[in-house]
Amino acid sequence: MGIAAEIADDWHAAFAALVWQVEAGADEVIADAPVNRYDLTAEAHRSVAPPAERLSDPPSTVAQAAQSSDPVAAARAAAMAAATLEELRRAMTGFDRCELKKGARNTVFADGNPAARVLILGEAPGADEDREGRPFVGRAGQLLDRMFAAIGLSRTSPEPETAFYITNVLPWRPPGNRDPEPAEIAMLLPFVERHVALVDPQVIVVVGNTPLFALTGAKGILRARGTWGLALGKPLLPMTHPAYLLRTPAAKREAWADLLSLQARLRS
Ligand code: URA
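Please read these numbers as outputs of a predicted model, since none were measured by experiment.

1. Section: the environment of P235
Mapped onto the elements of the fold, P235 is located in strand β6 (residues 234–239). Residues P235 and V205, 30 residues apart in the sequence, show an inter-C-alpha distance of 8.6 Å. In this structure P235 touches Q202, V203, I204, W228, G229, L230 and R265, once residues within four positions along its chain are discounted.

2. What to know about the side chain of R225
Relative to the assigned elements, R225 resides in the loop between α12 (221–224) and β5 (229–231). Using a relative accessible area of 17% as the deciding quantity, one classes R225 as buried. Within polar-contact distance, the side chain of R225 engages the side chain of D258 at 2.8 Å. Apart from residues no more than four positions distant in its own chain, R225 is found in contact with P238, M239, T240, E254 and D258.

3. Some words on unusual backbone geometry
Residue F136 is not a glycine yet carries a positive backbone phi of 50 degrees. Within the element layout of this structure, F136 appears in the loop between α8 (127–132) and α9 (139–149). Although it is not a glycine, D200 sits at a positive phi angle of roughly 50 degrees. Note that D200 resides in the loop between α10 (182–199) and β4 (203–207).

4. Comments concerning the side chain of D258
Of note, D258 is situated in helix α14 (residues 252–267). Taking the relative accessible area as the measure of exposure, D258 reaches 3% and is therefore buried. Look past the residues within four positions of D258 in its chain and what remains in contact with it is R225, G226, L237, P238 and M239.

5. Observations concerning helix α6 (residues 85–93)
Residues spaced three or four apart along an α-helix face the same direction, because each turn holds 3.6 residues. Within the sequence span of α6, burial applies to L85, L88, A91 and M92. All buried residues of α6 project into a common sector of 115 degrees when viewed along the axis, lining one side. Residues of α6 that are buried in the fold lie against α5 (71–80), β3 (164–168) and α10.

6. Structural notes on the pairing of β4
Where burial is concerned, most of β4 is hidden: five out of the five residues are buried. A two-sided burial pattern is seen for β4, the buried positions comprising V203, V205 and V207 on one face and I204 and V206 on the other. Where β4 lies against β6, four bridges are found, and the strand directions are parallel. When the bridges of β6 are listed, V207 appears paired with M239.

7. Some points on the nonpolar core
Counting 41 residues, the largest nonpolar core has F95, Y165, F191 and L215 as the members making the most contacts within it. Of all elements in the fold, only α5, α6, β2 (118–122), α10, β4, α11 (209–216) and α12 reach the threshold of two or more residues within this core. For this core, the element with the highest residue contribution is α10, accounting for eight residues. When neighbours within four sequence positions are excluded, F95 is seen to be in contact with P71, A74, A75, K101, W172, M187, L188 and F191. In this structure, I151, V203, L237 and L245 belong to the second largest nonpolar core, which totals 22 residues.

8. Observations concerning the sheet that holds β4
Strand order across the open sheet formed by six strands is β1-β3-β2-β4-β6-β5, with mixed pairing between neighbours. The open sheet is flanked by β1 (110–112) and β5, the only strands paired with a single partner. Adjacent strand axes in the sheet meet at a mean angle of 30 degrees when their direction is disregarded. The sheet contact formed by β2 and β3 spans five bridges and is parallel. Within β3, the position partnered with I120 by the bridge is I166.

About the cut-offs
- Residues numbered from 1 in each chain as written.
- Predicted model: local features only at pLDDT ≥ 70, side-chain atom pairs only at ≥ 80, totals over all residues.
- Heavy atoms only, no water.
- Helix = DSSP H or I, 4+ residues; strand = E, 2+ residues; numbered from the N terminus.
- Contact = heavy atoms within 4.5 Å.
- Buried < 20%, exposed > 50% of the residue type's maximum accessible area, 1.4 Å probe, protein only.
- Polar contact = N/O pair within 3.5 Å; in protein donor to acceptor, adjacent residues only side chain to side chain.
- Arc of directions from axis to C-beta.
- Pairing = 2+ DSSP bridges.
- Core = buried A, V, L, I, M, F, W, Y, C linked by side-chain atoms within 4.5 Å.
- Axes fitted to C-alpha atoms, helices over the stretch in contact; angles between N-to-C directions.

This is the structure:
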């Protein structure tokens, strides 16, 4: 093949690849080199540097990272610079790298008692949460409140022993309540990690597939539920999401067993 034909071939191949990407939904160029977000999520699980190390970075490094073309690095810099929950809330509210924020009415940060021993991690706000700016306030949230009340835990309790704290992997509602994408989870994971570090709960309960995947890289909540694991240095209990329990009442029996397991762990 002559050089002219090779160049024409390259051009057609590049154009075909571009058309394919546009059809697949890519509508923005973020960086010159491709980034595998699945790897990033796995990497994040392997290497979460202790906050003190990150905070002692020179301010210029943090500022540089915040400007980074890599949104995950920018999220990490913003998250690690937060020394309190209020600072973290401000950092998340001011974070503009995630497209989901543009379609959301509110940044849904958290609810409950930050001194609680139990931190519950959900998926993302739905329509009710987006409107109110608080996690788990819709039908699923009301069921969740009743479930945890059955073992003596409430988000409004002032006592750490009888309280829980609750937040989500994503602070913004995905359009049409679609499942969060791995790239969105990877981008917002640094905020979740910092959130957990600042609250420093005794145990984490993940409800549903998204938080299970975000914290452990595992898939399949129905298989994982009820089996204690470890994430971010904390005991972790996976449970089914209350929205699933609303659709599948027969699964409440297993959820009850999981709640009793949590109660026993807190008593021990
Ligand atoms: N489902 C979630 O995972 N989180 C919420 O805040 C509401 C519903």
